[in-house]
Amino acid sequence: LKTDSYGGASFSPHEDKVLVISNKEGMYQPYSIDLSTKEMKRMAANYPKAFNHASYFPHDERILFISDDQGNEVYHLYCCDEDGKIQKLTHGTQGR
């Protein structure tokens, strides 16, 4: 039995999309749901790690999220721009 899990919710700045985290493809990733068409689009498709706690920026559709390094529970802060490019904002080995 396959069950998809969805969590968290963040409205886009224009309140026309909602950002959720889901494991529908096996790993927790962010998806944007267009509220008028109900189309669900995976964001940051080239990111190979699980996401935690994603949110839209308040004035554009960049995404701020945290992720650990493949399960080591050392979390870092990342930014995903509107084109899917990901930038690591914090560094080190003590993040949590």
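Refer to the structure above for everything that follows.
Scoring rules and cut-offs
- Residues numbered from 1 in each chain as written.
- Predicted model: local features only at pLDDT ≥ 70, side-chain atom pairs only at ≥ 80, totals over all residues.
- Heavy atoms only, no water.
- Helix = DSSP H or I, 4+ residues; strand = E, 2+ residues; numbered from the N terminus.
- Buried < 20%, exposed > 50% of the residue type's maximum accessible area, 1.4 Å probe, protein only.
- Salt bridge = Lys/Arg side-chain N within 4 Å of Asp/Glu carboxyl O.

> Got a sec to walk through the environment of Met43? Specific residues and values, please.
Relative to the elements of secondary structure, Met43 occurs in the loop between strand 4 (40-42) and strand 5 (52-56). Judged by relative accessible area, Met43 falls into the buried class, the value being 12%. Expressed as a C-alpha distance, the spacing of Met43 and Ser32, which sit 11 residues apart in the sequence, is 6.7 Å.

> Give me the lowdown on the pattern of salt bridges, citing residues and values where you can.
By the definition in use, this model includes three salt bridges. One salt bridge in this structure joins Lys17 and Glu61, with 2.9 Å as the shortest N-O distance. With Lys17 in strand 2 (residues 17-22) and Glu61 in the loop between strand 5 and strand 6 (63-68), this residue pair connects regions lying 44 residues apart in the sequence. The exposure class of Lys17 is partly exposed, given its relative accessible area of 21%. Residue class for Glu61 comes out buried when judged on its relative accessible area of 18%. Measuring nitrogen to oxygen at the nearest pair gives 3.0 Å for the salt bridge that ties Arg62 to Asp60. In this structure Asp60 comes out as partly exposed when scored by relative accessible area, which is 22%.

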